[in-house]
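If you want the building blocks of each chain, they are given just below.
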Amino acid sequence: MSSLSRELVFLILQFLDEEKFKETVHKLEQESGFFFNMKYFEDEVHNGNWDEVEKYLSGFTKVDDNRYSMKIFFEIRKQKYLEALDKHDRSKAVEILVKDLKVFATFNEELFKEITQLLTLENFRENEQLSKYGDTKSARAIMLVELKKLIEANPLFRDKLQFPNLKNSRLRTLINQSLNWQHQLCKNPRPNPDIKTLFVDHSCGQPNGARAPSPANNPLLGSLPKAGGFPPLGAHGPFQPTSAPVPAPLAGWMSNPSTVTHPAVSGGAIGLGASSIPAALKHPRTPPTNPSIDYPSADSDHVSKRTRPMGISDEVNLPVNVLPVTFPGHGHSQTFNAPDDLPKAVARTLNQGSSTMSMDFHPVQQTLLLVGTNVGDIALWEVGSRERLVSKNFKVWDLSACSMPLQASLVKDPAVSVNRVIWSPDGSLFGVAYSRHIVQIYSYHGGNEVRPHLEIEAHVGGVNDLAFSHPNKQLCVITCGDDKTIKVWDATTGTKQYTFEGHEAPVYSVCPHYKENIQFIFSTAVDGKIKAWLYDNMGSRVDYEAPGRWCTTMAYSADGTRLFSCGTSKEGESFIVEWNESEGAVKRTYHGFRKRSLGVVQFDTTKNRYLAAGDDFSIKFWDMDNVQPLTSSDADGGLPASPRIRFNKDGSLLAVSANDNGIKILVNSDGMRLLRTSENLSYDASRTSEAPKPTINPISAAAAAAAATSAGLADRSASVVTIAGMNGDARSLGDVKPRITEESSDKSKIWKLTEISEPSQCRSLRLPENLRVTKISRLIFTNSGNAILALASNAIHLLWKWQRSDRNSNGKATASVPPQLWQPSSGILMTNDVADTNPEEAVPCFALSKNDSYVMSASGGKISLFNMMTFKTMATFMPPPPAATFLAFHPQDNNIIAIGMDDSTIQIYNVRVDEVKSKLKGHSKRITGLAFSHVLNVLVSSGADSQLFVWNTDGWEKQKARFLQVPAGRTPTALSDTRVQFHQDQIHFLVVHETQLAIYETTKLECLKQWVPRDSSAPITHATFSCDSQLVYASFFDATVCVFTAANLRLRCRINPSAYLPASVSSNFHPLVIAAHPSEPNEFALGLSDGGVHVFEPLESENKWGVPPPVENGSASSMATTPSVGAPGSEQAQR
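Computed from a predicted model, the values in this text were never measured in an experiment.

How should I be thinking about the overall build of the protein chain in this particular structure?
Check the secondary structure of the protein chain and you find 13 helices and 61 strands. Among the 1135 residues that make up the protein chain, the fraction classed as buried is 59%. Nonlocal contacts in the protein chain, meaning residues at least 24 apart in sequence, comprise 60% of its contacts between residues at least 6 apart. Per element, the accessible surface of the protein chain, about 43,500 Å² overall, is 50% carbon and sulfur.

Below, the structure written as structure tokens:
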């Protein structure tokens, strides 16, 4: 049917509705399949008119069309069956079972058997999953909420849920216009024509010399608009017009994505209970009809619902981009104190040799700078030592594999420019986009070791941009080019996965991103059009106009919550704007550009606060919240008109292209320290006969498939490595300051363990306290590094904050300046529910959200959710038994929490929808540790049974299990904890047990290194990686603290109790928990059994904890070597 015929059907539907032909309206809706009337559908479901409900649905979908449709029909027929059972109408129930439900037996035979068995029960509520089934009315209301979500997610209903925006009586208006036109064509028009039919064209009979009336003033067919016709916006009629047509807002095109992007919608198999729908599919038009009703589900190991306190659904939406509550004086201002803290001082000048076109800093080794130039060269610089590690000229790796047009053009004109260079999220790959057809992907193995990985002839003409992303948990390369297309390629094999067509001009840039697990790509073309694509073949979802309407790039803030674009028009007018995603409108436009920019302006973002752009022979900076320029820098002169710029990940370095083929590195104070550390490393390495390469652990592209999205500018600064903390936190490494990796050892000197026995040999600080607590059970630094949160055994939380001062300019936690024990003005405490248990005997646990806004915590009772700003309890849930014993946030979705229980199970819980998605069984005693790897997509669990399990986070299946290797002669206590924590490479993990420290490789669950205390030594109480995973800090029952080199678990420093405890108490108390600072690798804190918390740092003159022992094979271990260095086995302690 043509589009005009389709529109005519809508006009007829409107006319029928205005004339009150109700049954005919819905019949035409169903027969045409053009508009699904949700209001009518709701009414029929509420009234239980099941035959009409299915008949109406049949106009839009059939049972077996897709999984959404299947679940829709199943939910309806299941409800019909349960209602027959509730009325004790067995014959009707049997008829429904045989005629309606049997079709689902082929998909889930076990479920059909279970449904059939309900016939044998006197009351189907005897079935555990249906025990909370209420009355018919409430059950229909709850089912309807789920049906609406399924319909909105079903691609067959796309564009059929909104009636077009029409003026009232539009069909009448068109007929009037036609009649007026006919009347004007009359040879003898009458002033008051009498029109009696529409079946034939109008014609006036007798001549009277009168002129035709003006059609505007004399409508011929009834009044316009007809009173009481089409209902106004907001009325409850069946057709509710939309607002005026505007480009589809982000929220709209993301709320109804294709099936490709929503495997989770039907991830739960069809079950007896209500379907589980991800939060992203919740549409504002369909709030739960009765949120207080509890409707249990089937399969108790898969989905179980609990009664939810009112209001929590809005409060507990916890993705990283929501509710970024910050402490007074510690919010955005923590990123930079003032413009003086922006990187503006020139610290290095590099001579590239040709003109720089694109730059990108390594996401982990933040002093490595990748450069691409206008003659096709690429280079890798260690900016600290000014050393060019890699330099490569453009070369086609396999000319024979190239198309003939490309071969011919290269012969005719071999000149090639680099348009874009970019690192993959984990730094194991980098991509180069060239001005001729080609993209080259290299693998990086540390130092100067770069290997060709993939060469793709991606586009006809130039490849204008390149980005990495991970749709469907698979690392991909996204390219765009002069041929007006965007393409998605598998980063491992180079296979093309998608081609997006729709732009009418060459595509200039791409910006992949994700929100609430929905992956998408923004693209911009040189005609100024911005489009958005999901990873499907359904075409562009939006069509915006970019200011300037020429060359535009887009970028998100580091936390992924704010979207910016920077563009220059053909006339040289430049714009940086912030977008309102939900409306597709410009939210604010930043001022300060030169009236006529010379060249295309490039920009970048840093942290969540600053924008920078190269313009007018300088770098200009803006605060994101202020449209006026903040400051500018000319980098001591010598910059081109529109310099290329790039921040490193923590915003401490800024690379700027300069005249005469130069690159200037601008720094702030942190950046200067970073360069000096890097320079010292290089100098030390040059003095050893076998200098270790400053490598990172090469992670295969396949293993890195789920690493954080790299969106070129967009998500370059998103977290790429997450440390799942032993206290249950998921930790971003965006702020980690690099440290000297491992100091090379001079073998001519005799190595000696560093012993610290006096307070003067290190910096330590006991934090102030005025609350009576008996012992510290859990301890963590906040992700910002400004505060320490402790959970005491009496269920009370303590929060210490460091303030900015002359002695502490950045306000970070430090042993040099005492913090304040903080409480809100209300004076309330964050106190966990303790139920009827003795909190001293309970197993406490907590987890901190990524933005430090919330803490989820339990001390033997219900789990509590606290607001860290106000200390208010936002919600409590999951009353014992069983009690929660460990909590961990999912690294990619703060709405998902893994909860270890004292009954040995692990519950995967969705906070937003208040559902247990899965229950993992395998351990035999309580859960004592949980850690996620977002690279491998696994959850590692440990228990008091000394077992380790690896679970796949896609389907929550058990992958591997292993008992801990308890050393011979060691008998652990009955319920000794086993803790787990991932290394920053996300492939190895640390295991902590009272008898040992061990490093495991996850995929094989192999123990690679083990350290065992001597027989006479005290047991280990706790241990943790340093923030950069180079050290392991361990505490012992005798109050000793040991520092190990993580790569080989060799002891390098021992802190004796006399260094921090008075002699009178040192024998009575010991550390129970240890926590590492999130960005200072040499800082840690202890929580003691006397209720005290101590912060430790090495002396400023030392700046490290001892030196590593010499390595037998003559090469020092670096972070790159990872824990796999050396043969598996145990290292006996020197304690």
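Explanation requested: the pattern of salt bridges in the structure shown.
Pairing between side chains of opposite charge can happen when the charged atoms of each approach one another. Under the defined criterion, the tally for this structure stands at 35 salt bridges. Its salt-bridge partner being Glu 578, residue Arg 588 comes within 2.5 Å of it at the nearest N-O pair. Of the two residues, Arg 588 sits in strand 22 (residues 585-590) while Glu 578 sits in strand 21 (residues 574-580), which places them 10 residues apart along the sequence. A relative accessible area of 24% places Arg 588 in the partly exposed class. We classify Glu 578 as buried; its relative accessible area is 1%.

It is not clear to me how the nonpolar core should be interpreted in this structure. Could you clarify?
For soluble globular proteins, nonpolar side chains are generally found buried alongside one another. Phe 36, Phe 41, Leu 57, Tyr 81 and Leu 101 are the most contacted members of the largest nonpolar core, which totals 44 residues. Elements supplying a minimum of two residues to this core: helix 3 (38-46), helix 4 (50-58), helix 5 (67-86), helix 6 (90-101), helix 7 (109-117) and helix 8 (136-153). For this core, the element with the most residues is helix 5, which contributes 10 residues. Dropping the residues within four chain positions of it, Phe 41 is found in contact with Phe 36, Val 53, Leu 57, Ile 76, Leu 144, Leu 147 and Ile 151. Judged by nonpolar contacts, the second largest core, of 22 residues, contains Leu 370, Ile 378, Leu 410 and Phe 430.

It is not clear to me how the pairing of strand 51 (residues 988-993) should be interpreted in this structure. Could you clarify?
The side chains of a regular strand alternate between the sheet's two faces. The buried count for strand 51 comes to 6 of 6 residues, which makes it a mostly enclosed element. Both faces of strand 51 are covered, namely the face carrying His 988, Leu 990 and Val 992 and the face carrying Phe 989, Val 991 and His 993. Across 5 bridges, the pairing between strand 50 (residues 978-982) and strand 51 is antiparallel. In the strand pairing of strand 51, Val 980 is matched with Val 991. In sequence, strand 50 turns back onto strand 51 through a hairpin of 5 residues, with Gln 986 there showing a positive phi of about 65°. For strand 51 and strand 52 (residues 996-1001), the ladder comprises 6 bridges, and the chain directions are antiparallel. By the bridge assignment for strand 52, Val 992 is matched with Leu 997. Taking the residues that link successive antiparallel strands as the turn, the strand 51-strand 52 hairpin has 2 residues.

Can you walk me through the packing of aromatic side chains in this structure?
The description of two aromatic rings rests on the distance between their centres and on the angle between their planes. Throughout the structure, instances matching the rule amount to 36 aromatic pairs. Relative to Phe 430, the ring of Trp 423 lies with its centre 5.2 Å away and its plane at 70°, an arrangement referred to as edge-to-face. Here Trp 423 matches Phe 430 in class, with each residue buried. With a centroid separation of 4.9 Å and an interplanar angle of 20°, the aromatic rings of Phe 877 and Tyr 909 are classed as stacked. Taken together, the positions of Phe 877 in strand 41 (residues 873-877) and Tyr 909 in strand 44 (residues 906-910) put the pair 32 residues apart, joining distant regions of the chain. A relative accessible area of 5% means that Phe 877 is categorised as buried. Accessibility expressed as a relative area gives 1% for Tyr 909, which makes it buried. Between the NZ or CZ atom of Arg 6 and the centre of the ring of Phe 34, over which it lies, the distance is 4.5 Å.

How do you make sense of the environment of Ser 358 when you look at a structure like this?
When you line up the elements, Ser 358 lands in strand 3 (residues 356-361). Classification of Ser 358 as buried rests on a relative accessible area of 5%. With 12 residues separating them in the primary sequence, Ser 358 and Leu 370 have C-alpha atoms 8.3 Å apart. With near-sequence residues (within four places) excluded, Ser 358 lies in contact with Leu 370, Val 371, Gly 372, Asn 419, Arg 420 and Val 421. Only 3.0 Å separates the side chain of Ser 358 from the backbone nitrogen of Val 421, close enough to count as a polar contact.

Would you take a moment to explain a nonpolar patch on the surface for this structure?
There is a patch of nonpolar side chains on the surface, built from Leu 198, Phe 199 and Val 200 and spanning about 390 Å² of accessible area. By the element assignment, Leu 198 lies in the loop between helix 9 (170-184) and helix 10 (250-255).

Would you take a moment to explain helix 2 (residues 22-32) for this structure?
Side chains three or four residues apart in an α-helix point the same way, a direct result of the helix having 3.6 residues per turn. All of the buried residues along helix 2 are Val 25, His 26, Glu 29 and Gln 30. All buried residues of helix 2 project into a common sector of 125° when viewed along the axis, lining one side. Exposed positions of helix 2 whose direction lies more than 90 degrees from the buried face are Glu 23 and Glu 31. On its buried face, helix 2 sits against helix 1 (3-18), helix 3 and helix 4.

I would appreciate a short explanation of the state of the cysteines in the present structure.
Working definition of a disulfide: a covalent bond connecting the sulfur atoms of two cysteines. Under the defined criterion, the tally for this structure stands at 0 disulfides. Cysteine Cys 762 remains unbridged, with the sulfur of Cys 1053 as its closest cysteine sulfur at 8.2 Å. Take Cys 762: its relative accessible area is 5%, and that puts it in the buried class.

Mind showing me how you'd approach the pairing of strand 3 here?
A large share of strand 3 lies buried, amounting to 6 of its 6 residues. Connecting strand 3 to the next strand, strand 4 (residues 368-373), in antiparallel fashion are 6 residues.

Conventions used here
Residues numbered from 1 in each chain as written. Predicted model: local features only at pLDDT ≥ 70, side-chain atom pairs only at ≥ 80, totals over all residues. Heavy atoms only, no water. Helix = DSSP H or I, 4+ residues; strand = E, 2+ residues; numbered from the N terminus. Buried < 20%, exposed > 50% of the residue type's maximum accessible area, 1.4 Å probe, protein only. Contact = heavy atoms within 4.5 Å. Areas by Shrake-Rupley, 256 points an atom, 1.4 Å probe, with all protein chains shown as cover. Salt bridge = Lys/Arg side-chain N within 4 Å of Asp/Glu carboxyl O. Core = buried A, V, L, I, M, F, W, Y, C linked by side-chain atoms within 4.5 Å. Pairing = 2+ DSSP bridges. Phe/Tyr/Trp six-rings, centres within 6.5 Å; stacked < 30°, edge-to-face > 60°. Lys NZ or Arg CZ within 6 Å of the ring centre and 35° of its normal. Polar contact = N/O pair within 3.5 Å; in protein donor to acceptor, adjacent residues only side chain to side chain. Patch = residues over 30% accessible without salt bridge, like charges linked within 9 Å, V, L, I, M, F, W, Y side chains within 5 Å. Arc of directions from axis to C-beta. Disulfide = S-S within 2.5 Å.

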